[in-house]
Amino acid sequence: MTYLTDSPIDAQDLVRTVMRRSDGAYVLFEGVVRDHHEGKAVESIFYDCYRTMAEKEIDAIVKDVSREQPDVAIAVVHRLGHLVVGESSIAIVCASPHRAEAFAACRAIIDRIKKTVPIWKKERGPGGEEWVGWQC
Amino acid sequence: MKVRLLYFAVLRDIAGRDAEELSIAPGTTARDVWQTLRHSHSKLAAYLEPPMSAINESYASPDTVLRDGDELAFIPPVAGG
């Protein structure tokens, strides 16, 4: 399984790969490039990544959450490279016979990805460009 | 001994490269490599503590002693999602 892509994300296609006939719900989370960050205008974001490690980290998160929520089917894809405002940077689908487990799994996955997966973003706007988190 | 040091995000911009081979003495830790980087790049001088370290694609303590052939990366605060 690869969790990383350089192409636009088709979230509905991701849903189709996950859904089973026994599922009564799916939760789809998409992270989207917005037009501002901490008061500054944003036009686009460049996502950088330590690909081999990120694949392992996301896989570990998916496996952990699958153990915690064994009835939930999970798919994750994170896009890399240059994205403009309105484009999706990540999609997570959690399908389950019942909604509560799907919500919980989806929330757990995005929260953990934001903490540990080695992906970085450089925001570009009218005022220039800047790495988020550590500018040095 | 040789290790491969990978640069990502802001560190790539500062170093001006994606990666380099480093010759190190036995007993060298990831923290030692960070101190070398701080001395080589003035923009890093203020960062006494290294960011998270990864050795061979897994997070590791900066006090881990490096082995010949290791792949080391410093992981600035991540911002995925």
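Structural data are supplied above this passage.
Here we summarise the structure given alongside this text.

Rules used in this analysis
- Residues numbered from 1 in each chain as written.
- Chains lettered and ligands numbered in written order.
- Predicted model: local features only at pLDDT ≥ 70, side-chain atom pairs only at ≥ 80, totals over all residues.
- Helix = DSSP H or I, 4+ residues; strand = E, 2+ residues; numbered from the N terminus.
- Rg over C-alpha atoms; globule rule 2.2 N^0.38 Å.
- Buried ≥ 20, exposed ≤ 12 C-beta atoms within 10 Å, placed from the backbone.
- Contact = placed C-beta atoms within 7 Å.
- Pairing = 2+ DSSP bridges.
- Axes fitted to C-alpha atoms, helices over the stretch in contact; angles between N-to-C directions.

## Describing the overall build of chain B
Looking only at helices and strands, chain B features 2 helices and 5 strands. Relative to the 2.2 N^0.38 estimate, which gives 12 Å for 81 residues, the radius of gyration of chain B is 12 Å and therefore close to what a compact globule would have. Its C-alpha atoms give chain B principal-axis dimensions of roughly 35 × 30 × 20 Å. Scored against the burial criterion, the 81 residues of chain B give a buried share of 32%. Of the contacts made within chain B by residues no fewer than 6 positions apart, 49% connect residues no fewer than 24 positions apart.

## Structural notes on the pairing of strand β6 (residues 73-79) of chain A
Residues and elements named next belong to chain A. Here β6 lies mainly inside the structure; 6 of its 7 residues are buried. Taken together, the 2 bridges between strand β1 (residues 4-5) and β6 define a ladder with parallel strand orientation. Bridge pairing links Leu4 to His78 in β6.

## Focus on the sheet that holds β1(A)
Residue and element names in this part refer to chain A. On the basis of which strands lie adjacent, the open sheet formed by 4 strands has the order β1-β6-β8-β2 and mixed pairing. The open sheet has two edge strands with one neighbour each: β1 and β2 (25-32). Its contacts with the sheet place helix α1 (residues 11-18) against β2, β6 and β8 (88-96), and it is angled at close to 25° to β8. Helix α3 (residues 99-116) rests against β2, β6 and β8 of the sheet, and its axis sits at about 150° to β8.

## Regarding the environment of Pro118(A)
Of note, Pro118(A) is situated in the loop between α3 and β9 (119-125). In this view, Pro118(A) contacts Cys49(A), Tyr50(A), Met53(A), Ala54(A), Glu57(A), Phe8(B), Ile75(B) and Val78(B); residues no more than four positions away in its chain are not counted.

## Observations concerning the sheet that holds strand β2 (residues 19-23) of chain B
Across a sheet, paired strands are connected by hydrogen bonds in the backbone, their directions being either parallel or antiparallel. All names here are of chain B. The strand order β2-β1-β5-β3-β4 describes an open sheet built from 5 strands, whose pairing is mixed. Of all the strands in the sheet, just β2 and β4 (58-60) have a single pairing partner and so form its edges. Sheet twist, expressed as the mean angle between neighbouring strand axes with direction ignored, is 35°. Where strand β1 (residues 2-6) and β2 come together, 5 bridges link them in antiparallel fashion. Paired with Leu6 across the bridge in β2 is Ala19. Sitting on the sheet, helix α2 (residues 30-40) touches β1, β2, β3 (52-55), β4 and β5 (71-75), and the angle it makes with β5 is about 65°.

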